[in-house]
Amino acid sequence: MKSKEISHEIIDVPVDTNVKFRTSTDPGSYIPMHWHRAVEIIYMQEGSLDVTVESESFTIQKGDCIVINGNVLHSTKCTSPNTAILLQIPLDFMEKYIPDLGQLIFLFDFRTKDQRQQTKQAMFKTILEQLQIINNVRPDGYLLRFNSLIFELLFQLYHNFSVKILQSNISQKKKGYSPSGTCTGLYLRTLQRAHLPE
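Bear in mind the structure is a predicted one, so any value in this text is a computation, not a measurement.

The strand order across the open sheet formed by 4 strands is 2-9-4-7, and the pairing between neighbours is antiparallel. Strands at the two margins of the open sheet, each flanked by one partner only, are strand 2 (20-26) and strand 7 (65-68). When the angles between neighbouring strand axes are averaged without regard to direction, this sheet yields 20°. Bridge count for strand 4 (residues 38-46) against strand 9 (residues 82-90) is 8 bridges, and the pairing is antiparallel. By the bridge assignment, Tyr-43 is partnered in strand 9 with Ile-85. Relative to strand 9, helix 3 (residues 142-161) is tilted by about 80°, and along the sheet it contacts strand 2, strand 4, strand 7 and strand 9.

Between two packed helices, what matters for the description is the angle formed by their axes and the separation of those axes. Packing of helix 2 (residues 115-137) against helix 3 brings their axes to within 10 Å, and their N-to-C directions diverge by 160°. When the interaxial angle is binned, helix 2 and helix 3 end up roughly antiparallel. Crossing geometry of helix 2 relative to helix 3 is assigned as left-handed. Taking contact as the criterion, the partners of Gln-117, Lys-120, Gln-121, Met-123, Phe-124, Ile-127, Leu-128, Gln-130, Leu-131, Ile-134 and Asn-135 in helix 2 are, on helix 3, Tyr-142, Arg-145, Phe-146, Leu-149, Ile-150, Glu-152, Leu-153, Gln-156, Leu-157, Asn-160 and Phe-161.

The final tally for this structure, using the stated rule, is 9 aromatic pairs. Ring centres of Phe-58 and Phe-110 lie 5.5 Å apart, and the angle between their planes is 40°; this geometry places the pair in the tilted category. A residue pair is termed long-range when its members are at least 10 positions apart, and Phe-58 in strand 6 (residues 56-61) and Phe-110 in the loop between strand 10 (104-106) and helix 2 qualify at 52 residues. On the numbers, 5.1 Å between centres and 50° between planes, the contact of Phe-108 with Phe-124 is tilted. Here Phe-108 is found in the loop between strand 10 and helix 2, whereas its partner Phe-124 is found in helix 2, with 16 residues between them in sequence. For the pair Phe-108 and Phe-124, one class covers both residues: buried. If you follow Arg-111 out to its NZ or CZ, it ends over the ring of Phe-58, 5.4 Å from the centre.

With 20 residues, helix 3 ought to run about 28 Å at 1.5 Å a step, and its terminal C-alpha atoms sit 27 Å apart, in line with that. Tyr-142, Phe-146, Asn-147, Leu-149, Ile-150, Leu-153, Leu-154, Gln-156, Leu-157, Asn-160 and Phe-161 are the residues of helix 3 that are buried.

Here we take up the nonpolar core. Counting 31 residues, the largest nonpolar core has Ile-41, Leu-87, Ile-89, Met-94, Phe-124 and Leu-128 as the members making the most contacts within it. Secondary structure elements with two or more residues in this core: strand 4, strand 7, strand 9, helix 1 (91-94), strand 10, helix 2 and helix 3. It is helix 3 that provides the largest number of residues to this core, a total of 8 residues. Residues contacting Phe-124, with those up to four places away along its chain left out, are Ile-41, Cys-65, Val-67, Phe-108, Leu-153, Gln-156, Leu-157 and Phe-161.

Rules of the game
Residues numbered from 1 in each chain as written. Predicted model: local features only at pLDDT ≥ 70, side-chain atom pairs only at ≥ 80, totals over all residues. Heavy atoms only, no water. Pairing = 2+ DSSP bridges. Helix = DSSP H or I, 4+ residues; strand = E, 2+ residues; numbered from the N terminus. Axes fitted to C-alpha atoms, helices over the stretch in contact; angles between N-to-C directions. Contact = heavy atoms within 4.5 Å. Parallel < 35°, antiparallel > 145°, perpendicular 65-115°, else oblique. Left-handed = near helix turned anticlockwise from the far one by under 90°. Phe/Tyr/Trp six-rings, centres within 6.5 Å; stacked < 30°, edge-to-face > 60°. Buried < 20%, exposed > 50% of the residue type's maximum accessible area, 1.4 Å probe, protein only. Lys NZ or Arg CZ within 6 Å of the ring centre and 35° of its normal. Expected span 1.5 Å × (residues − 1). Core = buried A, V, L, I, M, F, W, Y, C linked by side-chain atoms within 4.5 Å.

Written out as structure tokens, the structure reads:
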């Protein structure tokens, strides 16, 4: 039986921003299963995108935003033209500002019906749109504004969407299990708990 090849993507970032940010216009593509030491955020502006995160497959449409945790296996497939904001934030950069990052996962369920979560997600998307504008226009001093928005986004990510994972899962990660670190079961159970009434 031949195993599927999984690649490790190295994220190159500019030294002045420490993140990889772009507006992606994709006429059609397939990016096979891979992982990287960066949180990846995809915000669809036009069209749709098929996404697989570990073993869960779903389609995101215009207006949907997803957060893929660092070190998590994922792939994407674009079957018709789309436009999206793509942001990759290296874990090494995040570790400087977010305490105990290795004990956190970020849960951003674009399908949520919870009004509070929808409001928090709308604020998050607004920051991404502001990043896009400042990145496209690049006025004098744009790096000050761009980087301030990155820090606001990191604060929102940490404050509104982070969940501490169990110590036993961290020790499994240290024992050399898969590069995803946070297993699908944990991720899905945590998502299911997020949907329980309070």
